[in-house]
Each structure stands twice: as C-alpha cells, then as structure tokens.
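# Structural overview for review
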Amino acid sequence: MMSSINRGLKVAIVGAGTMGRGIVQVLAQTEDVTSIIWKGRSLKSIHSAFSDLEVQLGRLVAKKRIAAEEASRFIRKIVATEDYADLTDAQCIIEAVSENMDAKRDVFVSLAKVTSPDTILASNTSSLSITELASLTANPANVVGLHFFNPAPVMKLTEVIAGLTTSQCTLNWALDFARKLGKDPVVVNEAPGFIVNRMLIPMINEAIGILAESVATAEEIDKAMTLGANHPIGPLALADLIGNDVNLSIMETLHSETGDPKYRAHPLLRKMVRANLLGRKTGFGFFKY
Ligand code: 3HC
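What this report covers is the structure whose coordinates are included nearby. (Residues numbered from 1 in each chain as written. Predicted model: local features only at pLDDT ≥ 70, side-chain atom pairs only at ≥ 80, totals over all residues. Heavy atoms only, no water.)

Right, let's talk about the packing of helix α1 (residues 18-28) against helix α2 (residues 43-62) for a bit. Here α1 crosses α2 at 50 degrees, and the two axes come no closer than 10 Å. Here α1 lies oblique to α2, going by the angle between them. Helix-helix and strand crossings are classified by hand; for α1 and α2 the assignment is right-handed. Contacts between α1 and α2 pair Arg-21, Val-24 and Gln-25 from the former with Ser-45, Ser-48, Ala-49, Asp-52, Leu-53, Gln-56, Leu-57 and Leu-60 from the latter. Class assignment for the residues of the contact of α1 with α2 results in five nonpolar, four polar and two charged. (Axes fitted to C-alpha atoms, helices over the stretch in contact; angles between N-to-C directions. Helix = DSSP H or I, 4+ residues; strand = E, 2+ residues; numbered from the N terminus. Parallel < 35°, antiparallel > 145°, perpendicular 65-115°, else oblique. Left-handed = near helix turned anticlockwise from the far one by under 90°. Contact = heavy atoms within 4.5 Å. Nonpolar A, V, L, I, M, F, W, Y, C, P; charged D, E, K, R; others polar.)

See the structure below:
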C-alpha cells in the first residue's frame, strides 16, 4: 500500500455523469496526476462526457485561465474505456456512478475482480455506506469515501470518509490526495449523509415543502435564502443543480438508515423524480434551463 503520492499518479474513474465529469476535470488539471483511465457505461456515454469536458476546458481557455496547449495536454492524459480490465494498474480508482447501492455494488464487485489488493478504492457516494462497499472487496482497509461537491472543479471541500474498516494509512493517503487535487478536506466517520448532505438535503426537502404548501413561489423561496441567509444560490436552484434523483436518494438513505421521520422525502420531490423533472440535467426542475 502506498504511503505517499508518487509523481506520475495513475488514477481511474468509473462514471461519466455530472460528478464523474467534474472529477475528471479536477484530475486532469492536477499536475501530479499524469494518467487518467475513464470508464463509462459505454464508449458513447464517455464520448459525450469528453465533449462536455472539452467545452469546460475551452471556457477556461477563453477566460485566459489556462493556455490552449494546457487544455490539450489535460485532454491527452485521459484514456476512455468501457472495460474494467483496463483499470488494473491504476493506483487509485474513484467510483462516481449513480447514487444507488445496487449500481455501486456492481462496480465494487467488478473492481475486486481486476484490481490488486493494494489499489485504493474511493467512492464519491453522497450518503451510502463505505463499510458496505468495502466489504465487497479483497482489502476493505483500502476503501475510503472521497465525496466531491458539485460543481467539482469549483467547490473547495472534499469529505474524506472513514468506513469501519478503512485503515489510517488509507485515510491519510486520501487526505493527501484530496489536497493534491486542490481541495480542502474534512475527515468524517461514516454516518448517513456524512456532514454536508445530512444538513443540506433536509433543507432542500423543507424548501420543497414550503413550495408544495404554496407558502411562497420558487423564486421567493430562493430569494429569501440568498438574501436572508447569504447562500450563493437558493435551495430550489441548488436542488436542480444537484439533481432531484440524487436529492431523493439521499433523503431515502437518511430515512432508512436512521428510521427518523424527520428525514421523510416530501411527496413533491418524489413526483418531480417520477416526472423526470430532475433539474439542470434534464432541462427542467423547479426552474427551466
Ligand atoms: N463546472 C465548472 N465550473 C463552473 C461550473 C461547472 N458546472 N459552474 C460554474 N462554474 C464556475 C464558473 O466558470 C465561474 O468560474 P470563474 O469564477 O473562474 O469565472 C464560477 O464557477 C462562478 O460561476 P458563475 O459566475 O457562472 O456563477 P455563480 O457566481 O452563480 O457561481 C456556483 C456558481 C459556484 C455553482 C455557485 O452558484 C454556488 O456556489 N452554488 C452552490 C453550490 C453548492 O452548494 N454545491 C454543493 C451541492 S451539494 C453536493 O454537491 C453534494 C452532493 O453529494 C449532493
């Protein structure tokens, strides 16, 4: 097991959704990460994620934050694949698939078959059990939570989550790694929703309740929280940024893991998901995009 981060780190990432794309951008922009293997569900999904990444880097070039040749160099670090076998020699693999235990379980079982017990396996889960994911692998001590925030290239925090079996060495490695990525990490002992989502998602759920009871419009609710609590965006705009499928899944985890009725998902949140009004990613949520 690696105790420090060597130069020329090879990192793999599984998942090409909102978080996977953001994390790949963070990895690509980190000098110490020299090689990135990006696994999506299909080459098609990865290629669309690649185009998105090119657009994001193009924006940075247009703003003169990075040079055009740097953007090309970042892109060249990345190799796309749909095959788990290509992830074998990565030193660290970050799982960033849907916030769903079955989906994550499939990934960890597949990774256990192709990786050595030395590989650090990190999950970007927003609320699920690192201990459970670790139990599916050959070396649970090397499994850790590495929870990024959306948009990953912008948000400074990474929650580094210790499961019951995570070793101190792995935790230290993950903290060091998060700092190399330019993040300012906090350590969290595994608990549903960790720190941020345990507070943030119930707040969003409450905002949905205020909307459903017609206490105020979506615009007024968001205005109240931006001007009254100095939040950068209102809770409903944030719901749309995170994705209502993710919001629902986190509420369900908080509820089922604790049994506490205060975490009951609001029926309107459920309806929004059933209607595919997921937010920015589907073009419609509490607001239109
Ligand atoms: N990807 C990359 N960069 C982005 C981006 C994206 N998706 N969206 C915005 N940015 C960048 C912009 O390019 C801009 O960069 P610059 O300052 O270098 O030019 C910067 O962010 C600010 O963007 P804008 O000026 O366009 O817009 P805002 O001032 O409104 O800022 C925001 C956008 C940073 C997203 C701000 O609205 C914000 O902080 N919102 C709250 C975000 C938040 O709370 N995230 C956590 C969600 S919870 C979570 O992720 C956990 C999960 O498990 C659910």
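More follows now that the structure is in view.
As a further point, take the sheet that holds strand β4 (residues 92-95). Taken in spatial order, the eight strands line up as β3-β2-β1-β4-β5-β6-β7-β8 in an open sheet, and their pairing is mixed. Each edge of the sheet is formed by a strand with only one pairing partner; in this case those strands are β3 (78-81) and β8 (184-189). Put simply, the sheet's adjacent strands are angled 25 degrees from each other on average, direction ignored. As paired elements, strand β7 (residues 157-162) and β8 share six bridges and run parallel to each other. Within β8, the residue paired with Ile-161 across the bridge is Val-188. The strands touched by α2 within the sheet are β2 (33-39) and β3, with β3 carrying the most contacts at an inclination of about 150 degrees. (Pairing = 2+ DSSP bridges.)

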